[in-house]
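# Geometric and topological summary
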Amino acid sequence: MVGLPARTRDHQERDDPRVVPFSSLLRHVLAATAFAGFDGNGDLDVRLEAREGKTWVVWEDSAAHLAWCELLPGGTWSAPAFEPVSGPEDEEAARLRIKFQILR
């Protein structure tokens, strides 16, 4: 299961890398997957990123896709979207493709 705390830092703090991004232990479930990760140990390499006033999370969803959700205005998360990946050697390139989709 991919989940994040329910509350994030407020908009003015979003671009300050010194601010801890979460202020609550409540969680939002963004998605569920049975995939064990590219390394097979259950680590989905979940990454929360924030750039240019946008926040998103990316994780390994299957051997063929990375999944991602974007934090929308109002504090809700988008439905998961998927980026094709041809295995662990393509993972970083796929994360960059997701980043460029979000920031365009």
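Residues numbered from 1 in each chain as written. Predicted model: local features only at pLDDT ≥ 70, side-chain atom pairs only at ≥ 80, totals over all residues. Heavy atoms only, no water.

## Some remarks on the environment of G87
With respect to the element layout, G87 can be found in the loop between β6 (81–84) and α1 (91–103). Expressed as a C-alpha distance, the spacing of G87 and H65, which sit 22 residues apart in the sequence, is 8.5 Å. Dropping the residues within four chain positions of it, G87 is found in contact with F38 and A63. (Helix = DSSP H or I, 4+ residues; strand = E, 2+ residues; numbered from the N terminus. Contact = heavy atoms within 4.5 Å.)

## Things to note about the pairing of strand β4 (residues 54–60)
Of all 7 residues that make up β4, 6 are buried, and the element is covered over most of its length. When strand β3 (residues 47–51) meets β4, the two strands line up antiparallel, connected through 5 bridges. Paired with R47 across the two strands is V58, which belongs to β4. In textbook terms, the turn of a hairpin is the stretch between consecutive antiparallel strands, and for β3 and β4 this stretch comprises 2 residues, one of which, E52, has a positive phi near 50°. When β4 meets strand β5 (residues 65–70), the two strands line up antiparallel, connected through 5 bridges. Bridge pairing in β5 links E60 to L66. Between the end of β4 and the start of β5, which pair antiparallel, lie 4 residues. (Buried < 20%, exposed > 50% of the residue type's maximum accessible area, 1.4 Å probe, protein only. Pairing = 2+ DSSP bridges.)

## Remarks on the nonpolar core
In terms of nonpolar packing, the biggest core is built from 9 residues, these being L30, A31, L44, V57, W59, A67, C69, L71 and W77. Counting residues per element, the ones that place at least two in this core are β2 (27–31), β4 and β5. (Core = buried A, V, L, I, M, F, W, Y, C linked by side-chain atoms within 4.5 Å.)

## Some details on the confidence of the model for the protein
Across the protein, the average pLDDT comes to 77, with 72% of residues at or above 70. Note that pLDDT drops below 50 for residues 5–13; the model gives that stretch 23 contacts with residues more than four away or on any other chain. Counting interchain partners and residues more than four positions distant, the pLDDT-below-50 stretch residues 17–25 has 14 contacts. (pLDDT = per-residue confidence, 0-100.)

## Some thoughts on α1
Between its first and last C-alpha, α1 extends 18 Å over 13 residues, near the 18 Å set by a 1.5 Å rise per residue. If you check which residues of α1 are buried, you get E91, A94, R95, I98 and I102. Burial along α1 is one-sided: seen end-on, the buried residues are contained in an arc of 100°. Check the buried side of α1 and you find it contacts β3, β4, β5 and β6. (Expected span 1.5 Å × (residues − 1). Arc of directions from axis to C-beta.)

## Quick word on the pattern of salt bridges
Per the counting criterion, the structure on display carries 6 salt bridges. Of the charged contacts, one joins R47 and D45 as a salt bridge, the two residues approaching to 2.9 Å between their closest N and O atoms. Taking the relative accessible area as the measure of exposure, R47 reaches 27% and is therefore partly exposed. The class for D45 is partly exposed, based on a relative accessible area of 21%. With its nearest N and O atoms 3.3 Å apart, the salt bridge here joins D90 to R97. Assessed through its relative accessible area of 16%, D90 is described here as buried. R97 gets classed as partly exposed once you look at its relative accessible area, which sits at 31%. Salt bridges sharing common partners tie together D45, R47, E91, E92 and R95. (Salt bridge = Lys/Arg side-chain N within 4 Å of Asp/Glu carboxyl O.)

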